[in-house]
Every structure is written in C-alpha cells, then in structure tokens.
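Descriptive structure summary
Each chain is listed here by its residues.
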Amino acid sequence: MAAYLIRRLGGAALILLGVSLVTFFLLYVLPADPVRQIAGRSATPETVESIRRQLGLDQPFWVQYGRYLWNLLHLDLGRSYLQRSEVSELIWARLPPTLLLMAGAIACELALGLTMGVVAALRRGTAADNGLMIASFVGVSAPQFVVGLLMLYVFAVRLGWFPIGGYGTFAHLVLPSLTLGILGAGWYSRMMRSSMVEVLRQDFVRTARAKGLTRRRVILRHALPNAVLPVIAMIGIDIGIFMGGIVVVESVFGWPGIGQLAWQAIQRVDIPIIMGVTLVSAVAIVLGNLLADLVAPLIDPRIRLR
Amino acid sequence: MSLAEPLRSGAAQAPDGAPVLSVEGLSVSVATEGGSRPLVQGISFALRRGETLAIAGESGSGKSITSLAVMGLLPANVRATAGTVRLGATDLLRLPESRMRAIRGDRVAMIFQEPMTSLNPVMTVGAQLAEAIRAHAPLPRRAARARALDALRAVRLSEPERRLDQYPHELSGGMRQRVMIAMALALKPDVLIADEPTTALDVTVQREVLDLLRELRRETGTALVLITHDMGVVAEMADRVVVMKDGRLVEEGPVARIFAAPRQPYTRALLAAVPRMGTRPPADVPADAPALPSAPPVCTLRDLTVRFDIGRGLLGRPTHRVHAVEGVSFDIRAAETFALVGESGCGKSTIARAIAGLVPFAGGIDLAGHELRGQGDVTRAVRRDAQIVFQDPAAALDPRMRVGDLVAEPLVIHGIGTRDERRATVESLFERVGLSRTQLDRYPHEFSGGQRQRVCIARALALRPRLIVADESVSALDVSVQARVLALLRELQDDMGVSFLFISHDMAVVDSIADRVAVMFLGQILEMGTRAQVFGDPRHPYTRRLIEAVPVPDPTHVRPPRDRLASEVPSPVRRRDDPPRRLRLRDVGDGHLVSEPGPPGEPV
C-alpha cells in the first residue's frame, strides 16, 4: 500500500510538471501582452520596457520557466500582476466556496444520476425508461450557461424559491450545484442504466432470487453495489470536467470561487493567477482520481492496489 | 414464514411413497416478436423423498427451463402456459410471488452450473450464507452466522471459520460450488435442484462434489433433481431418469432400465454417442504399436518452459512467478494424435500457445523442420505449419464476417492463390468438413455449435498445416455433435496425414481419439506413453486418480471405495528465488515414461 501510494504520488509529480510546462509555454506564445495590461494604454515605451524587465518577461522562455519551477518547489506561486497580492493567498481564499460547490454538484449528480439509471434499468423498455433517457440526453447536451440562466429565471426570479446569486447559505448552494451536476447526472444515469442492466443478468442475481430474497434486497444488496463500480471510477475524471464548468457556473451565479478568479485573470492576462489556478486544478484532478482508485477496493474486494 | 409452515408439515408427513414434487403437463413458452414459441411441452414427472431424478438432454432440450419454471425464476418473457407443479399439495405455478418467495430457498433450493459467477463477488461468503438463512428463519445475526458455519462444515469445506469472512474470488471453483451447496441445503429443503452442478469443474473436483451431494441426500432426505448432459453423472447419481429432447419428454424410467434397455431411438443414440473409457480396443490403430523410427517428428518440444512474472514491489519489480510450463519435452509424430490431459491450470493450453507463438517461451520447439528458440522465431512461415482450433467456436469466429471469408482469411494473409482459386479451395474445404458450399456466404450466428466448430476446423486446414492444435475443441459440444466432430478429425487424419495435439480435460474423449497421451500437473509431465500404456496401465498415482474420477456411464459399475480427498491443486505461483523441482521421467518399459513421485506439490 505504501509502495502503491509512493508510486502514484511520484506519477502525480510528473503530471504536474507536464501541465506546468505546457501551460507556461502556451501563455508564453500567446499574442496578448500582460505588460500592456499592467502599464495601461498611455504608458511610454520606456515604462513598458522597465515593467517587462521588472517582471523578468524579457528573459528567454527557459529562464522564465526555470525560475517559475524553482519558486514552485518552494511552494511560491508568485504574485498577481494586477491584484498586488500573492497568488497562493488569492487561491486559498477562493478554495472553500469552490470545494463546497463541487461537493454539492457531486451530490446532485450522484443522487440524480444513480436514481435515474437504476429506475430506468428496472423499467427497461417502458415509457419511464424512455423518458428518463431523453431527460439524461438533454442533461448531457444542454450548455451549462443556458441551464444556469434557466434555473435562475424559473426558480429564483419567477418562483422566488432560491436567491438569485451570491454565497453564504445552503439556499445559495442549491441552484449552482444543480446546474453543475446536471451534466454529470446525464452521463451517470446512462452509465448506471447499462451497468445495472448488465448486472441484473448475472448469475449471482439469479442465486439471490433463488434464495428467496425480496426484490428490494436483491436490487439494493446484490445488484446495486456491483453496478455502481464503474461509476465510482468516473467520479475522479469528473473533477476535471467540473473545472471547466465551474468557470461558467460561478460567473452566472456570482459564486466567489476559483472559477471567477480564473475568468478575471484570463481577461486581464494575469499569468501567475492563470498558472496557479491551472496547477491547483491539475492537483484536484490527480487527487480525485487517486481517491476514486483508493475507494474502489473498499467496494470491490477483487481489486488490489499495486 | 407463517405461510410456509403449514405447507412444510404437509410435505413432511407425506408417506414415503407419495411424491414431494410432482410436475404434470408442464408447458413453457417464450414470447418472441413472431409470437409465442414453445420451449417445453407437456412434461410430467414426480419426485419422492430422498430420491434422485436426473433430467438428461442436450442443449436446447428444455431441461434448464423446466427447473427454472419449478423455481418460479423464469425470465420476464418466458412463462408457464399449462400444467401444474405441485410441492406437496401446493401448486407452485399458481402461487403469488410473495408466497413463492417464502418457498424458494426454504423448501425448494437450487444450485447452478457456474460456481465462479453464481456468488456475489462483493459480499463475503458468510454474509451470503447468513442472508439466505435469515430470509426464511427469523434469527439474530449471530445465530445466523453460527448456522452458516454449520452449513459450511456440513459440506466439508476446509477451515470453515476462515471461509466465512472470505470473498468468493479467494476460493477455488470447487470450494465455491461447496458454498453454493451449503447455501442451498442450510434450511434443509424438501427438494434441491442442481442444474449442471459439476459441468464447470475439474474431474477430480467433480468426483468430490458428486460424492458430497450423494452423502448429503442420504443424511437429510432431500430429494434431488439433477439436470445434466453427462450420462456418466446420470448413471452414478440417479435413481430415475427423464430424457428430454426439443422440449419434450422422450423417455422416463429407472436408471438401470434406461441404460440397459432404452426404448426410444433417441435415448439409444444418445447413449451410443457417449465416449467411454476403456471401450476402444488397445490396438485398433497402427500408431499404438511402437512408432516407425524412420519418419521424423512433426513437432518436438525440448525442455519447454513458460513463466510469467507477477506482483510488483516498490520499484515495480516482479516479486513472484507463475510457472505455467516447466521443462516439458515430447514429440508428435506424423499423422499422430498426441493428447495432453490434466486439470485446469496444469499448463496444457499454455503449451498450445507457445507452439503458436502467442506467449514467450524458453527451451526449444522444433516445428516441421524449423528450430524455434523463442517467441520471435515463430514467424509467419512457421505459423503455416501449426494451426489452432479453440474451445468456443462462437468466440473464435468474427461475428461480422461471412464464414467463407473467415476460412479464406489464412490464405489471404499468406498471399496464396488468386481470388477464384481461394474460393475453390474454401469450397472444397467446406465439403471436406461436412458443410455445404451453399453456406459460404452465411454468418457464424446462422450455424449450430457443431457446424461452427467445423468452420473453425476448415479454417485451420486452409493452409494445409502439418500440425493442428485442438485446444478443448470438442468440450463445449453436445455428446452427439462431439462424436461426429471427433469422427471428422479421425477422417481428416487418415486422408491428409495431419498430426493433432489434442488438449482436453475429458479423459473419455482422449481415450477415444489419442494415440499417445501425456498427463500434466502443475506445468510438468507426470506420465507419458501410448494410450494403452497410460490408460490401461496407469503408474503414477495422479493418473490413477484422474482416471478413477471419471464418471462411468454404466449404473451397474461399482466404484472402489476411496478415501475422501478434499485436496486443492497447489498454486503454480512461487517466489522468484524459489523455482519448483523438476521431475525426472523414467522409462518403465516400451517408452512408457513415469515421473518419480513427490513434489511439485505432492500430486498424489
């Protein structure tokens, strides 16, 4: 187990190195010039050049990247160009709302997706099955900003059940979580349905029925734990998909999280923040996958980590 | 439970002559797009307390559907359309599901063919047993666990306490089938339905499970319905036999009468097709005599060794090794059938894969004059000389290709002939294996299992190989089909002079086709010689045990009493620094080779 963790964390370090290199390179070749953003339009060429020198942006790529890596090794993500504070502090402050939103979204997609999938599998071929699968298709294909605005209009503006935006109470959490979770719920319900249909055909389900167990127990105790295994592995990958959605959803709902921070930074070419958010996202994805792999053997005893 | 109690007392008080279970005029149909199609038509039989009734028949005869109808476990689109299934005085077909559920597992229990998949992989053995008990007996957890432990002891599972907390994947196939039996018998049902309970097991494990079922039936008085395709199992286990074909009852009677004087032509044909050990005269083929030394062997294995590294340490280095094949040497002569027998995991299929270049190997393989020293030497030209026919023809044929193209594919790959020439070759191959040339453009799913295996044989013959490796090629076929495919193989050998490496777990089939036989255990050969030497005069204790374990399709056969062996085949996985001992073979006369007794794993 220790050997496994060491190997996985070593792999994670390599992944982060790769992500940092690719992102840094893309930002380096980007035609947008961060110095112009900082200096403003009226700045003289001399001012621009002096700012460029100050930030070290006049150096060749490998020098800039090397310096960034060296600082990264000391857990220093650098300073924001425009916000006059440490990137790590900015991210740290924005992390709790984003994690909360992710937790809410995962809860939504699991609750919705698993239930829909199981019900559809048990009612296979009926109108209920077809209806649920159409609903899941809509969930998968609807753009998140449309879903978000629709939710806001119906549940906040028209019905007034939830606040229009902002952060603070449980009520604030519901609509953004749903918006973010609906995409995953669509995927999960489809996966869960096919997995459940497959498991219901298995010999051990027939054995459970032959024992004289109730239908409820056959489904909940025998079919469901086996059917949920492939879905668990998906949750890790999901966190990566979330990072994209979070930028949209946080903007729509005015949620003060990392997504908003990233969006503002991208608009102003605030490279240290973009780098920082990208690396934090990469860490989240790597940890999410690791977590999914660590949970799998708790559910399926046949899986051994090595 | 309150519903089940009065029923139970009714059945228990029934006089011994009255049937526990009686099926009358049972018909079952499946709903298809083209309307309802009958699967079982008007079956009737009765079962008395402590009696074993065998339902015998080939695939598609409706024997499994009949048992599922009794259990009320028919698939959603299948239903019983007529007849009654009475347990004591209750007609099970007319019970509502809630009352049927109280009977299932409590008074009528069932075990299935596939022990590997019939247990829930994510629940411990103990939990699955306790759950079956608690579904019918309102016991607290602790008491249910105690009963589960008793049930495991009753089926003579080793270390029952430890097994309770193990998961199914930690047990071997035979152990899992014992768990299934324990689960089925924990509540002392009136009737136990066993659907091909030993078909997926090795012959020695099959022997143990059959012995166990017989003893448990004696101890508990449970009536047994045994569903099987294996007439050997029928002869050994049954009091009475029902023979089914195409959903209808062909013949019913006491086992001795069915075997001694079958009345129906189908029963006679079925019994005639069953391969039997020791019925083939020892010298009906010239190869049984010492082979002509003049012809060079088609294939020679020298010290063949196949090992797989597994397990990973801190730096990803392997820690253990699977010794699949350890120093195996033999040769296969021209126009000879050389058989490898042994139980699952003994390495017989790995040898086939090494010859075909599918696994890396050490040692030497000499194939039709080519000297192969490793997997890289098995080039395309070499592959022409050795072709494989696998066990499952349905899986070995691409479902999206026409069978004619499948058979022509080896010719295309090796660039042989023009399109028209290939077509002509395929047509003649089809006729050679007993198929019609009009079937060339059909897809594999349009053929029966036996026909599909003929297609596979035609494909293997396309390159005119010197050697065909038949890896369990007839094991998945019904006996009558099996007999015809075996006859085809013999014919092909006589006509074309091809050699066979015939790999099988079925000793009776090997006895009917092989010229020479090698018995394998844990990757090594324990005994090798002509068929007459190995089967007629087995010297190694393991060979004897294998032969004795084969069910004999003769109810009058008396099996010599034997100590019960609850042994498991030891693992071929060893630490990297701990290689297994190589067994030396010594000649006990006329080329009959027998290994010294002792490890690996004391196969005695």
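These numbers come from a predicted model, not from an experiment. (Residues numbered from 1 in each chain as written. Chains lettered and ligands numbered in written order. Predicted model: local features only at pLDDT ≥ 70, side-chain atom pairs only at ≥ 80, totals over all residues. Heavy atoms only, no water.)

1. Section: helix H7 (residues 144-158) of chain A
Residues and elements named next belong to chain A.
- Spanning 15 residues, H7 covers 20 Å between terminal C-alpha atoms, matching the ideal 21 Å at 1.5 Å per step.
- Along H7, the residues classified as buried are Gln144, Val147, Gly148, Met151, Leu152 and Ala156.
- Those residues of H7 hidden inside the fold are in contact with helix H8 (170-200) and helix H11 (229-253).
- With its phi angle positive at about 65°, Gly160 sits one or two positions after the end of H7. (Helix = DSSP H or I, 4+ residues; strand = E, 2+ residues; numbered from the N terminus. Expected span 1.5 Å × (residues − 1). Buried < 20%, exposed > 50% of the residue type's maximum accessible area, 1.4 Å probe, protein only. Contact = heavy atoms within 4.5 Å.)

2. Things to note about the domain arrangement of chain A
- Along its sequence, chain A is organised into domain 1 (2-73) and domain 2 (96-199 + 229-267).
- Summarising the inter-unit geometry, the C-alpha centres of domain 1 of chain A and domain 2 of chain A are found 33 Å apart. (Domains from an automatic or database assignment.)

3. Observations regarding unusual backbone geometry
- Even without being a glycine, Val269 of chain A presents a positive backbone phi close to 50°.
- Here Val269 of chain A is to be found in the loop between helix H12 (258-267) and helix H13 (271-299).
- Using a relative accessible area of 7% as the deciding quantity, one classes Val269 of chain A as buried.
- Phi is positive for Asp590 of chain B, close to 55°, though the residue is something other than glycine.
- Structurally, Asp590 of chain B can be placed in the loop between strand S22 (585-587) and strand S23 (593-595).
- By relative accessible area, which is 74% here, Asp590 of chain B ends up exposed.

4. A short note on the domain arrangement of chain B
All names here are of chain B.
- For chain B, the domain assignment lists domain 1 (4-273) and domain 2 (297-331 + 345-384 + 514-604).
- At the junction of the two partners, domain 1 supplies 19 residues and domain 2 supplies 17 residues.
- The contact between domain 1 and domain 2 buries some 1,400 Å² in all, and 57% of this surface belongs to carbon and sulfur atoms.
- The interface formed by domain 1 and domain 2 includes zero salt bridges.
- At the surface where domain 1 touches domain 2, the tally comes to two residue pairs in polar contact (both at pLDDT 80 or more).
- When contributions to the side of domain 1 that touches domain 2 are tallied by element, the ones reaching two or more residues are helix H8 (203-220), helix H9 (231-237) and helix H10 (255-260). (Buried area = accessible area lost by both parts, 1.4 Å probe. Salt bridge = Lys/Arg side-chain N within 4 Å of Asp/Glu carboxyl O. Polar contact = N/O pair within 3.5 Å; in protein donor to acceptor, adjacent residues only side chain to side chain.)

5. A closer look at empty space enclosed by the protein
- Taken as a whole and assessed by the stated rule, the structure comprises eight cavities of 30 Å³ or more.
- Approximately 90 Å³ is the volume found for the largest cavity.
- Lining the largest cavity we find Thr207, Ala210 and Lys211 of chain A together with Gly105, Ala109, Met110, Ala132, Met180, Met183, Ala184 and Leu187 of chain B.
- Breaking the lining of the largest cavity down by element, the ones donating at least two residues are helix H9 (203-210) of chain A together with strand S6 (108-111) and helix H7 (173-185) of chain B.
- Sort the elements by how many residues they give to the lining of the largest cavity and H7 of chain B lands first, with three residues.
- Residues of the lining of the largest cavity, tallied by class, amount to eight nonpolar, two polar and one charged. (1 Å grid on protein atoms, 1.4 Å probe; cavity = no way out; pocket = protein on both sides within 12 Å on 5 of 7 lines; lining within 4 Å. Points joined across faces, edges and corners; volume = space filled by probe spheres on them. Nonpolar A, V, L, I, M, F, W, Y, C, P; charged D, E, K, R; others polar.)

6. Describing the sheet that holds S6 of chain B
All names here are of chain B.
- Strand order across the open sheet formed by six strands is S6-S7-S8-S3-S9-S10, with mixed pairing between neighbours. The open sheet has two free edges, formed respectively by S6 and strand S10 (248-254), since each of these has just one partner strand. Recorded for the sheet is a direction-independent mean angle of 15° between the axes of neighbouring strands.
- Both strand S3 (residues 52-56) and strand S8 (residues 223-228) contribute to a ladder of five bridges, which runs parallel. Residue pairing in the sheet places Leu53 in a bridge with Val225 of S8.
- Contacting S6 and strand S7 (191-195), H7 runs over the sheet at an angle of about 175° to S6. (Pairing = 2+ DSSP bridges. Axes fitted to C-alpha atoms, helices over the stretch in contact; angles between N-to-C directions.)

7. A short note on the interface of chain A and chain B
- With 25 residues of chain A at the interface, the matching set in chain B holds 29 residues.
- Summed over both partners, the interface of chain A with chain B comes to about 2,400 Å²; 59% of that surface belongs to carbon and sulfur atoms.
- Notably, a salt bridge pairs Arg217 of chain A with Glu131 of chain B, separated by 2.8 Å at the nearest N-O pair.
- Joining chain A to chain B, the criterion identifies 12 residue pairs in polar contact (both at pLDDT 80 or more).
- Residue composition of the side of chain A that touches chain B, grouped by class: nine nonpolar, five polar and 11 charged.

8. What to know about the UniProt feature "transmembrane region" (unreviewed entry) in chain A
- Under the local residue numbering, the UniProt record ascribes the feature "transmembrane region" (unreviewed entry) to residues 12-30, 99-122, 134-155, 167-188, 227-253 and 273-296 of chain A.
- Taken end to end, residues 99-122 of chain A is 100% helix and 0% strand, and its first and last C-alpha atoms sit 34 Å apart. (UniProt positions renumbered as here; feature names shortened; annotations may be inferred.)

9. A look at the packing of aromatic side chains
- Within the structure shown, the criterion is met by 12 aromatic pairs over all chains.
- Centroid distance Phe330 of chain B to Phe338 of chain B: 4.4 Å. Interplanar angle 15°. Geometry classified as stacked. Of the two residues, Phe330 of chain B and Phe338 of chain B, both sit in the buried class.
- By the ring-pair criterion, three or more aromatic residues cluster together here, those being Phe24, Phe25, Tyr28, Phe61, Trp62, Tyr65 and Tyr68 of chain A. (Phe/Tyr/Trp six-rings, centres within 6.5 Å; stacked < 30°, edge-to-face > 60°.)

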